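# Close look at the chain arrangement
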Amino acid sequence: MPRKPINAADEVPEQESAQVFDMESRLGKDHHQSLRVWLRMLSCTVLIEDQIRSRLRNEFGITLPRFDLMAQLERHPEGLRMGELSKRMMVTGGNITGITDQLEQEKLVVRVPDPNDRRAYSVKLTAAGRRAFERMASVHEGWIDELLGGLSNAEKSKLTELLSKVKQHLNGPMTDNEE
């Protein structure tokens, strides 16, 4: 089976594809390097996310937000309250409710009343949900390996180190409570 291009740029000469898909290529030479770095990170994120969205839909018939919700629940077998899911996924409570409703109809998650607050529910993966997520997560990891296959392990380590440094700077200095 012929290899499916990672993106439409694969079929465009390299010089043209940089103009089409790299947001920073629209900047003039007088723009700051920091702006170029940020736009390059954004371009890479968008390209990878688009591929993952498409592959999840084609392979498993699931959306990225549904996959992300299941990933959160997989990390917390005791379940998470709807508000906590909303905060972790950085989407509104209404979005979480809609996604949870769909997954519940498919018997992949279940709402469990909170014993400490009768008004609240926790959401948990069902056994079927856990099995489905494990299968999807394994394939997803392979896709990420493929999409980042242009980097050596040493380059991935260095990139992780540099991005960790950026993240630490953005989060600011840790307080005594955070250490």
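Above this text you will find the structure in question.
Structure report, in brief. (Residues numbered from 1 in each chain as written. Predicted model: local features only at pLDDT ≥ 70, side-chain atom pairs only at ≥ 80, totals over all residues. Heavy atoms only, no water.)

## Let's talk about the nonpolar core
- Counting residues in each nonpolar core, the largest one holds 26 residues, and the members touching the most others are Leu56, Leu69, Met70, Leu73, Leu85, Leu103 and Met136.
- Looking at this core, the elements that each hand over two or more residues are α2 (33–60), α3 (64–75), α4 (82–89), α5 (93–105), β3 (117–125) and α6 (127–147). (Core = buried A, V, L, I, M, F, W, Y, C linked by side-chain atoms within 4.5 Å. Buried < 20%, exposed > 50% of the residue type's maximum accessible area, 1.4 Å probe, protein only. Helix = DSSP H or I, 4+ residues; strand = E, 2+ residues; numbered from the N terminus.)

## Details of the packing of aromatic side chains
- Within the structure shown, the criterion is met by 2 aromatic pairs.
- Ring geometry for Phe60 versus Trp143: centroids 6.1 Å apart, planes at 50°, classification tilted. Placement of Phe60 in helix α2 and of Trp143 in helix α6 is noted, with a sequence separation of 83 residues between them.
- Given the relative accessible area of 18%, Phe60 is considered buried.
- Relative to Phe133, the ring of Phe67 lies with its centre 5.2 Å away and its plane at 35°, an arrangement referred to as tilted. Of this pair, Phe67 sits in helix α3 while Phe133 sits in helix α6; the two residues are 66 residues apart in sequence, bridging distant segments of the chain. (Phe/Tyr/Trp six-rings, centres within 6.5 Å; stacked < 30°, edge-to-face > 60°.)

## Considering the pairing of β3
- Alignment of strand β1 (residues 80–81) against β3, held across 2 bridges, turns out to be antiparallel. Bridging across to β3, Leu80 finds its partner in Val123.
- Linking two consecutive strands that pair antiparallel, namely strand β2 (residues 109–114) and β3, is a turn of 2 residues. (Pairing = 2+ DSSP bridges.)

## Considerations on the sheet that holds β1
- Pairing in this open sheet of 3 strands is antiparallel, and the strands run β1-β3-β2 from one edge to the other. Looking at strand neighbours, the two that pair on one side only are β1 and β2, the edges of this open sheet.
- Relative to β3, β2 runs antiparallel, the two sharing 6 bridges. In the sheet register, Val109 faces β3, and the bridge partner there is Leu125.

## Some remarks on the side chain of Thr126
- In this structure, Thr126 sits in the loop between β3 and α6.
- There is a polar contact of 2.7 Å between the side chain of Thr126 and the backbone oxygen of Lys107.
- Not counting residues within four places of it along the chain, the set of residues in contact with Thr126 comprises Lys107, Leu108, Val109 and Val110. (Polar contact = N/O pair within 3.5 Å; in protein donor to acceptor, adjacent residues only side chain to side chain. Contact = heavy atoms within 4.5 Å.)

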